[in-house]
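# Coordinate analysis (summary)
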Amino acid sequence: MTQPIRSVLVANRGEIALRVFRTCRRLGIETIALYTDLDVSAPHVKAADRAIRMSSYLDIDEVVAAAVEADADAVHPGYGFLSENAGFAAAVEAAGLVFIGPGPDAIARMGSKIEAKAAAEAAGVPVLPGYRGEGQSDARLLEEAKALGTPFLVKASAGGGGRGMRLVTDLGDAPEAIASARAEAKGAFGDPAVFLERYAPRVRHVEVQVLGDTHGTVLHLGDRDCSLQRNHQKLIEEAPAADLPEAVRDDMRAAAVRLAQAIGYRSAGTVEYLYDLARGEYYFLEMNTRLQVEHPVTEAITGIDLVEWQLRVASGEPLPAAQADLTITGHAFEARLYAEDVPAGFLPATGTLTHLHFPEGARADTGVRPGDTISPWYDPMIAKIITRGATRAIALSRLRAALEDTEVAGSVTNLSFLAALSRHEGFARGEVDTGLIGRDIDALTAAAAPDLAVQALAALGAAGLADGGGALTGFALWSPLLRTVALDGLTAGVEVLAPGHARVTIDGAVADCRLIAGGWWVNGRPSGARIVLTPGRVSVFGPGAFHFDLTDPLDRATQAAGGGLTLSPMPGLVKAVFVTAGQAVAAGDRLAVLEAMKMEHTLTAARDGTVAEVLAEAGSQVEAGVALIRLEEEE
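This text gives an overview of the structure that appears in the document. (Residues numbered from 1 in each chain as written. Predicted model: local features only at pLDDT ≥ 70, side-chain atom pairs only at ≥ 80, totals over all residues. Heavy atoms only, no water.)

Another point: the nonpolar core. In terms of nonpolar packing, the biggest core is built from 67 residues, with Val 8, Leu 228, Ile 236, Ile 382, Phe 417, Leu 421 and Ile 437 touching the most fellow members. Broken down by element, the residue count for this core peaks at 6 residues, all from helix α11 (residues 306-314). Dropping the residues within four chain positions of it, Ile 437 is found in contact with Leu 228, Gln 229, Arg 230, Leu 235, Phe 417, Leu 421 and Leu 444. (Core = buried A, V, L, I, M, F, W, Y, C linked by side-chain atoms within 4.5 Å. Buried < 20%, exposed > 50% of the residue type's maximum accessible area, 1.4 Å probe, protein only. Helix = DSSP H or I, 4+ residues; strand = E, 2+ residues; numbered from the N terminus. Contact = heavy atoms within 4.5 Å.)

Structure representation (structure tokens):
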């Protein structure tokens, strides 16, 4: 029996909430958002028809109560948070609401890695050799480790994302590895149970998308390769998996369907495998009982809106197509853009996104806007960049171009790393395994040095002559015609020759910069660069991304006459004057504010004293070196 869904509460935030809302809006379904105090003005809150304040996205009772209060028909968990929590699914259903996902039993069975592998074995799905028994004593685990032999992995039964996982290459290290994995599993998942599994050094991470309905039908929507990962964090995914033997591909897909049928699975799910390149064999890894972050690449090659099919299944409808009706066309890639510090070891980063631009012609799933803050409280993913092409080579070429056209300022990101990864020759040939990034990490993380053209364009931006690739009125107002600008690490002389034409000199090297048809040419060659000036920084994008901190002009301001004379450090507008003649001031007191280069600069007293004269008033335009405030001479 079908149960029409008229309103959906999304128990999530950010990009995935917006993704679900898009489909709901297209289908005429009302959308209800949740938000915490940190998300009051978040995009997903603005996009929803209604929004409800919460204390936490992880409080099951509070989330279910909010859904009931909102009179929602159904709850979509997104991914992360409570999406694979069997207790949450059960609570939603107990409240008389529809859970847009699998049943609680399926979530619970697949949530235990030990039970999941047992179910896979029962369904005839290959699993890696290992120990998955209930005996968890040190003696039993060490005995099984000796029988298994090295190398092997100790893995948390309730784990994921690499937490509670330890590699053992020497049996002497097994006791410490088991104890460490247990402790981490207990802290992360509340369950210290572990299991042992043979370690294959060269594997690919391949997964199959499945969809089941309440009428007993299960379909697969092809496969994906997620081997480009670091510390078990996926970075670039593709569909279908490249260069996979067709017999293996067919077996993987059929096995995924068998497993889903065996556990009575409904909704969207993903069966993940390890493909051992040396043995030519695949093994069940786990099943994710939710929509995956990388689902857009499957949508790109099948033309199917997975969220729509989830909604149809949840309302009781049969799947709208048979396996024979489904086709896979072309190839697709997804790159995950994160706010993270790559040189510091890919540490999550924070910051306010002062500038954000995504390329046309590529799908960009994001949950942030310019001006939003990347906080330490949530996942630091900024966006997913998705491209498609008739062939793998075309799709990858489009991904490279899309990454070059993506612009982010205000936080460090992994954008340059993703671009380097997309250009990796082995990756381009389809020679992929989970160790690729680790083997080539030095080359992939090597920072490119900005060439003369990039430095010159950065200098133009810092001088206020270029922003976003176009000329500013500064060309007409530029006076004097030759000035010096300072960026971190370099000092440049900028000389205006004509509107849209400047000469930049850096360490004796000369760059002739011309604005031609809206784009910058340097020394007779098109740069293809976009120049973006944000507070305190100038960025040059494409190809590559280079950021230069603006040197505080106050560091170069002259405090003449023993600090008694405050000079304007650059041309600008006097926004405010805080002192009057005869007023006593102390060192560090604010004297005036100068607006220049799209920023406000506070001028402070260099010493204690008394104001003798105020030589400029608020609203006046001043040139560099002009005296603004004079203190009385010291006795």
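Moving on, we get to helix α9 (residues 246-262). For α9, which comprises 17 residues, the first-to-last C-alpha distance of 24 Å matches the rise-based estimate of 24 Å (1.5 Å per residue) to within 8%. Every buried residue of α9 is accounted for by Val 248, Arg 249, Met 252, Arg 253, Ala 255, Ala 256, Val 257, Leu 259 and Ala 260. Its buried side turned inward, α9 meets α6 (113-122), β10 (203-212), β11 (218-230), β13 (267-276) and β14 (281-288). Trailing α9 by a residue or two, Gly 264 shows a phi angle of about 65 degrees, which is positive. (Expected span 1.5 Å × (residues − 1).)

Evaluated as defined, the whole model comprises 3 cavities of 30 Å³ or more. Of the volumes computed, that of the largest cavity is approximately 60 Å³. Every residue lining the largest cavity is listed: Leu 403, Glu 404, Leu 415, Ser 416, Ala 419, Arg 423, Gly 544 and Ala 545. Taken together, the residues of the lining of the largest cavity break down into 4 nonpolar, 2 polar and 2 charged. Approximately 40 Å³ is the volume found for the second largest cavity. Surrounding the second largest cavity, His 76, Pro 77, Gly 78, Ile 100, Gly 101, Pro 102, Ser 267, Ala 268, Thr 289, Arg 290, Leu 291 and Gln 310 form its lining. Of the residues that constitute the lining of the second largest cavity, the class distribution is 5 nonpolar, 6 polar and 1 charged. (1 Å grid on protein atoms, 1.4 Å probe; cavity = no way out; pocket = protein on both sides within 12 Å on 5 of 7 lines; lining within 4 Å. Points joined across faces, edges and corners; volume = space filled by probe spheres on them. Nonpolar A, V, L, I, M, F, W, Y, C, P; charged D, E, K, R; others polar.)

Here 5 strands make up an open sheet; going across it, the order is β3-β2-β1-β4-β5 and the pairing parallel. Only two strands of the sheet have a single neighbouring strand rather than two, namely β3 (50-53) and β5 (98-99). For strand β1 (residues 7-10) and strand β4 (residues 74-76), the ladder comprises 3 bridges, and the chain directions are parallel. Bridging from a neighbouring strand, Val 8 pairs with Ala 74 of β4. (Pairing = 2+ DSSP bridges.)

Before going further, it helps to spend a moment on the side chain of His 205. On the secondary structure map, His 205 appears in strand β10. With relative accessibility at 7%, the residue His 205 sits in the buried group. In this view, His 205 contacts Arg 224, Asp 225, Cys 226, Ser 227, Gln 229, Lys 234, Glu 272, Tyr 273, Leu 285 and Thr 434; residues no more than four positions away in its chain are not counted.

What follows concerns the packing of helix α7 (residues 138-148) against helix α8 (residues 174-189). Remark: α7 packs on α8, axes separated minimally by 10 Å, with the N-to-C direction vectors making an angle of 125 degrees. Viewed along their axes, α7 and α8 adopt a mutual orientation that is oblique. Crossing handedness for the pair α7 and α8: right-handed. Across the interface between the two elements, Asp 138, Leu 141 and Leu 142 from α7 touch Ala 174, Pro 175, Ile 178 and Arg 182 from α8. Looking at side-chain class alone, the contact of α7 with α8 contains 5 nonpolar, no polar and 2 charged residues. (Axes fitted to C-alpha atoms, helices over the stretch in contact; angles between N-to-C directions. Parallel < 35°, antiparallel > 145°, perpendicular 65-115°, else oblique. Left-handed = near helix turned anticlockwise from the far one by under 90°.)

Mapped onto the secondary structure, Ala 618 falls in the loop between β40 (609-614) and β41 (621-622). On the accessibility criterion, Ala 618 (47% relative accessible area) is partly exposed. In this structure the C-alpha to C-alpha distance between Ala 618 and Ala 339, which are 279 residues apart in sequence, comes to 40 Å. The contact partners of Ala 618, leaving out residues within four places of it in the chain, are Val 574, Lys 575, Ala 576 and Val 577.

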